[in-house]
Amino acid sequence: MCASSSCSAPSGHPDLSIVVPCYNEEESLPILAGALADVCREMRSRWPGLEAELVLVDDGSSDGTATEMRALAARGDLPYRVRYLLLSRNFGKEGALLAGLEAARGQAVCTMDADMQDPPSLLPRMYEDLMTGEWDSVATRRATREGEPPVRSWFARLFYRLINRLSDADVVDGARDFRLMSRPFVDAVLSLSERNRFTKGIYGWVGFRTKWVPYGNVERAAGETKWGFWGLARYAISGIVAFSTAPLAIASVLGLIFCLLALAAAAVVVARAALFGDPVAGWPSLMAVVLLVGGAQLLCLGVIGQYLARTYVEAKRRPVYLVREEGEGPGPAGE
Ligand code: UDP
Ligand code: MG
């Protein structure tokens, strides 16, 4: 079985591109390359003539990741072509992913992490699903959050509940960035030109037909995670700001509630003074109210500031990433 257009695809357009963003992954890369080689061989036995390329994006690593990529590209024994992009600095995973997606030439494009937390062995099954033509993308999600600190899980769940309430993008809890996409799906994702890229939201927003494949959590093969608590918190906030303007509406409603409360309180004070000649005394209560209202005002200003800052960044239209060097190895071995 083979995709109708893909068997005859010119070598410039392989059947499958595998995009991997890498940040300090010198230890994981060789493991990943080996695992992908096995998977590719398996796939080529099922889909003869299948051409695959591996698009590695070095997100400004400070270790030997770039050297490792050049070495992989120079190897002639891999069943896929290796291409690599070295970004000029660390742009974050979203930037690296975009760089890889834009560079990918495949009819089907798969994105996955370098650390083997996205099992490459799922790929043949996902490819088979995509090839049925019933789906435009086959995405994976973690079935459980086992092995994760409970506090992190709790915040993660809160985030997914919030963003799905607040936005029209369907963001699936536990969705991984391990996803196989058809060319039309990739083109749709790339047509969203925003700089503040929250890919999980973008995938949901573009729609199309997505099949979800759950799998158990897998620990990193080597190296360590780049996500600290505050990094994740910032990511969550930018996700919500990118896909919902509800916080702005909430700020207005909050303002309205405070106005009504203040009017009611003023009426009570005036009535008491007029009827009983009893002016309310005490600055502690006054201070409490002033601080509360002041706090609410600052909070709302902050919310507006978040949107304004994003608008500013979008208005500058700076590139999401810059490439310092790119390279490409020889075609896949065994042809
Ligand atoms: N990554 C990246 N740029 C960054 C941070 C991470 O390209 O600034 C890559 C990283 O190399 C890995 C993937 O994104 O391939 C996922 O990162 P990580 O494993 O640290 O995240 P986690 O799996 O813990 O969510
Ligand atoms: Mg990981």
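Right, let's walk through the structure included here. Predicted, not measured: the structure shown is a model, and the values here were computed from it. (Residues numbered from 1 in each chain as written. Chains lettered and ligands numbered in written order. Predicted model: local features only at pLDDT ≥ 70, side-chain atom pairs only at ≥ 80, totals over all residues. Heavy atoms only, no water.)

### As for the side chain of Arg 179
Worth spelling out the cut-off: Where helices and strands are cited, they refer to DSSP runs of H or I of at least four residues and of E of at least two residues respectively, numbered from the N terminus. Relative accessibility thresholds used throughout: buried, under 20% of the residue-type maximum; exposed, over 50%; partly exposed, between the two (1.4 Å probe, protein chains only). The convention is simple: Lys and Arg are positive, Asp and Glu are negative, and His and the chain ends are not counted. We define a salt bridge as a contact between a side-chain nitrogen of Lys or Arg and a carboxyl oxygen of Asp or Glu at a distance within 4 Å. In this description, contact between two residues means that some pair of their heavy atoms is separated by no more than 4.5 Å.
Within the secondary structure, Arg 179 sits in strand β6 (residues 175–182). For the buried Arg 179, no salt bridge is present, and the opposite-charge side chain at shortest range is Asp 177, 6.5 Å distant. Apart from residues lying up to four places away in sequence, Arg 179 is in contact with Val 109, Cys 110, Thr 111, Met 126, Ser 137, Val 138, Ala 139, Phe 185, Tyr 203, Thr 210 and Trp 212.

### A few points about the coordination of the magnesium ion (ligand 2)
The cut-off we apply is this: Nitrogen, oxygen and sulfur within 2.8 Å of a metal are treated as its donors, or within 3.2 Å for sodium, potassium and calcium (Na, K, Ca); water is not counted, so a site can appear incomplete.
For the magnesium ion (ligand 2), the protein coordination sphere consists of Asp 115 (OD) and Gln 117 (OE1), at 1.9 Å. Its relative accessible area of 3% is what places Asp 115 among the buried residues. Given the relative accessible area of 19%, Gln 117 is considered buried.

### Here's the deal with the sheet that holds strand β8 (residues 323–328)
We count it as follows: What makes two strands pair is DSSP finding at least two bridges between them. The axes used here are C-alpha line fits, helices contributing only the stretch in contact, and every angle between their N-to-C directions lies in the interval 0 to 180 degrees.
If you trace the eight strands from one edge of the open sheet to the other, you get β7-β5-β6-β4-β1-β2-β3-β8, paired in mixed fashion. Edge positions in the open sheet fall to β7 (210–215) and β8, since each of these has one partner strand only. In this sheet, adjacent strand axes meet at a mean angle of 15 degrees when their direction is disregarded. The sheet contact formed by strand β5 (residues 137–142) and β6 spans four bridges and is antiparallel. For Arg 141, the partnering residue across the bridge sits in β6 and is Ala 175. In the packing of helix α1 (residues 28–46) onto the sheet, contacts are made with β1 (16–22) and β2 (52–58), and the angle to β1 comes to roughly 170 degrees.

### Examining the packing of aromatic side chains
Here is the rule: Two rings belonging to Phe, Tyr or Trp (six-membered ring only in the last case) form a pair when the distance between their centres is within 6.5 Å. Interplanar angles under 30 degrees mark stacking, angles over 60 mark edge-to-face geometry, and anything in between is tilted.
Per the counting criterion, the structure on display carries seven aromatic pairs. Their ring planes at 85 degrees and their centres at 5.2 Å tell us that Trp 154 and Phe 155 sit as a pair that is edge-to-face. Under the relative-accessibility criterion, Trp 154 is labelled exposed at 53%. The interplanar angle of 90 degrees and the centroid separation of 6.1 Å between the aromatic rings of Phe 159 and Phe 198 together place this pair among those described as edge-to-face. Of this pair, Phe 159 sits in helix α5 (residues 150–166) while Phe 198 is found in the loop between α6 (183–191) and α7 (199–206), placing the two residues 39 residues apart along the sequence. The burial state of Phe 159 is the same as that of Phe 198; both residues are buried. Three or more aromatic residues joined by ring pairs form one cluster here, namely Phe 159, Tyr 160, Phe 198 and Tyr 235.

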